[in-house]
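The primary structure of each chain is shown beneath.
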Amino acid sequence: MRENDKPMDADTHGRGPKRANGAREAEFLALLQQAGTALTPGEVTERLRDGLTYNSVVTILTRMHTKGLLTRNPRGRAYAYAPVTDDAGFAARRMKTVLEERPDREAVLARFADGLSDTDADLLRQLLGPEQDSDR
Amino acid sequence: MRIAVYLPLLLSLIAPLAARPLSERCEPRLATWLLTGSALVLGAASTVSLGLLAATGLIRIPQLAALGHWSATSAQRDDPAELSVALIAGLLVGGAVLAAARMLWRRARTLAAAALDAACMPTRDGTVIVDDEAPDAYALPGLPGLPGRIVVSTGMLHTLDETEHGILLAHERAHLTGHHYAFVALAQLGASANPLLRPFATAVAYTIERWADENAARATGDRSRVARTVGKAALAAHRAPALTRAAGAALGILGRHGPLASAGPVPRRVAALLAPPLDRRPVLAAATTAVLTATLLATAEAAHDLHRLLETVGAR
């Protein structure tokens, strides 16, 4: 890690409006995606306009880089950060691990159709008639 | 106070029995609002009631009574509730507050994680195709200002045809634009404060699916097509081998005591789509509103009574 990428003090999380880390990271990611180009912590701080200090921004960007959510390249005396660009399949697979640790994830994901028991499956086939069997 | 304070607790015992019938007889959007409102109001009111009962016990403890300049002895004399009742209420209210706080904290973090997931997925139109042969599709909620995402696996795309893709997307989009995750979370919040209310949370999980199904039906103008799509997707996702067991009652599937009574949500959704659309049921809505209003009034009355009791015993 380069010198100016290190937070000046470790305790920079508390500044700015208090928000869950995940929400903050999501906000950063959306901002970097909209920007369409890599941004330095200074540029991110400018665009946020919500009073988050430079040091907090550096802390969060560094953490996201460590998690593999962002790539970074040296620009001037700082790093410029960009979202990891890969195919959506890889993004989704990597993302699964973020949400998968959560005990109540199923309550948040709105699945189209799941949780079919064997009895349910039989019942469905009866409800939908014989044509369904040829589809499967 | 003697009666009013117990009314929310009594209603928490009875009202959940109506949750499932309501979810199956009322138009799903209205049903979702009614069920979520019931879970929240009854959850809050029963917690407040327990708190009030516990408070009548607390002021009998001389040290605590002294803090508020109340007379512990006259509190013991005037008190409407038995000390044992107050004690149990105190334990229950502690549990309720802890459980609700824990649930809120967890859900906030999971929603944040979901929003992070959603923001990580590069997309132009809000839909992400995942390269996965297992048929799967879900909506990831975003946060205010951060759009959610609809994730569909290639397996699911191969299972469904063009029209059915449209139905799937309309369904998932309805979840996102209708903020259905918020209804689920609020109903579960009520149920975590008061576990008796769990049937409301279960019913809301079902009615948001019905709500999204009907939205998709409106978008395509063909309810039975939506029914077939839901069934097709569910059967494809169901990986167990297709054993056609001698399933008896093919007749009476839609009957009240048919196999649907014990079926999971997917067959019930399909049956509801194959049946005529449900009405708004103004009588059910009015009855629910009346029960909730009575609950709120009873809680207010009980709180006012406690206030008066405190004033009486506070006469120095």
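Residues numbered from 1 in each chain as written. Chains lettered and ligands numbered in written order. Predicted model: local features only at pLDDT ≥ 70, side-chain atom pairs only at ≥ 80, totals over all residues. Heavy atoms only, no water.

- If you check an unreviewed UniProt entry, chain B appears there as M48 family metalloprotease from Streptomyces coacervatus.

- By the naming in an unreviewed UniProt entry, chain A is BlaI/MecI/CopY family transcriptional regulator, taken from Streptomyces coacervatus.
- Listed under Sequence similarities (unreviewed entry) in UniProt, the entry text for chain A is "Belongs to the BlaI transcriptional regulatory family." (UniProt positions renumbered as here; feature names shortened; annotations may be inferred.)

### Here's the deal with the overall build of chain A
Phase 1 of the analysis: Helices and strands together make up the secondary structure of chain A, namely seven helices and three strands.
Phase 2 of the analysis: Counted from the first residue to the last, chain A has its helices and strands arranged as α-α-α-β-β-α-α-β-α-α.
Phase 3 of the analysis: Looking at chain A as a whole, 47% of its 136 residues are labelled buried.
Phase 4 of the analysis: Long-range contacts, defined as pairs at least 24 residues apart, comprise 53% of the intrachain contacts of chain A with a sequence gap of at least 6.
Phase 5 of the analysis: Accessible area of chain A: about 7,000 Å², with a carbon and sulfur share of 51%. (Helix = DSSP H or I, 4+ residues; strand = E, 2+ residues; numbered from the N terminus. Buried < 20%, exposed > 50% of the residue type's maximum accessible area, 1.4 Å probe, protein only. Contact = heavy atoms within 4.5 Å. Areas by Shrake-Rupley, 256 points an atom, 1.4 Å probe, with all protein chains shown as cover.)

### Focus: the overall build of chain B
Phase 1 of the analysis: Along chain B, the regular secondary structure elements total 13 helices and three strands.
Phase 2 of the analysis: Burial statistics for chain B: of 316 residues in total, 51% are counted as buried.
Phase 3 of the analysis: Contacts spanning at least 24 positions in sequence make up 74% of the contacts within chain B whose residues lie at least 6 apart.
Phase 4 of the analysis: For chain B, the accessible surface area stands at approximately 15,000 Å², while carbon and sulfur atoms represent 65% of it.

### Some remarks on the environment of threonine 207 of chain B
All names here are of chain B.
Phase 1 of the analysis: Along the polypeptide, threonine 207 turns up in helix α10 (residues 198–220).
Phase 2 of the analysis: In this structure, the C-alpha to C-alpha distance between threonine 207 and threonine 32, residues 175 residues apart in sequence, is 5.7 Å.
Phase 3 of the analysis: For threonine 207, the residues in contact, after removing those within four places along its chain, are Ser23, Pro28, Ala31, Thr32 and Leu35.
Phase 4 of the analysis: Of note is the side chain of threonine 207, whose polar atom sits 3.0 Å from the side chain of threonine 32. (Polar contact = N/O pair within 3.5 Å; in protein donor to acceptor, adjacent residues only side chain to side chain.)

### Regarding the side chain of threonine 36 of chain B
All names here are of chain B.
Phase 1 of the analysis: Looking at the element boundaries, threonine 36 is found in helix α3 (residues 28–58).
Phase 2 of the analysis: A relative accessible area of 5% means that threonine 36 is categorised as buried.
Phase 3 of the analysis: For threonine 36, the residues in contact, after removing those within four places along its chain, are Phe183, Leu186, Ala187 and Val204.

### Examining the packing of aromatic side chains
Phase 1 of the analysis: A complete count under the given rule lists three aromatic pairs over all chains for this structure.
Phase 2 of the analysis: On the basis of an interplanar angle of 65° and a centroid distance of 6.5 Å, the ring pair of tyrosine 79 of chain A and tyrosine 81 of chain A is categorised as edge-to-face. Across the pair, tyrosine 81 of chain A and tyrosine 79 of chain A agree in class, each one buried.
Phase 3 of the analysis: Joined through ring pairs, the aromatic side chains of Trp33, Phe183 and Trp211 of chain B make up one cluster.
Phase 4 of the analysis: Looking at arginine 72 of chain A, its charged tip hangs above the ring of tyrosine 79 of chain A, at a distance of 4.0 Å from the centre.
Phase 5 of the analysis: One residue, arginine 268 of chain B, lies across the ring of tyrosine 206 of chain B, its end atom 4.2 Å from the ring centre. (Phe/Tyr/Trp six-rings, centres within 6.5 Å; stacked < 30°, edge-to-face > 60°. Lys NZ or Arg CZ within 6 Å of the ring centre and 35° of its normal.)

### A word on the pattern of salt bridges
Phase 1 of the analysis: The full count for this structure, using the stated rule, is 19 salt bridges over all chains.
Phase 2 of the analysis: A salt bridge links glutamate 25 of chain A to arginine 63 of chain A; the shortest N-O distance between them is 3.0 Å. Taken as a pair, glutamate 25 of chain A in helix α1 (residues 21–35) and arginine 63 of chain A in helix α3 (residues 54–66) lie far apart in primary sequence, 38 residues in all. The burial state of glutamate 25 of chain A is the same as that of arginine 63 of chain A; both residues are buried.
Phase 3 of the analysis: Among the salt bridges present, the one from glutamate 24 of chain B reaches arginine 268 of chain B, with a minimum N-O distance of 2.9 Å. Residue glutamate 24 of chain B is found in helix α2 (residues 19–25), and its partner arginine 268 of chain B is found in helix α12 (residues 265–274); the two are separated by 244 residues along the sequence. (Salt bridge = Lys/Arg side-chain N within 4 Å of Asp/Glu carboxyl O.)

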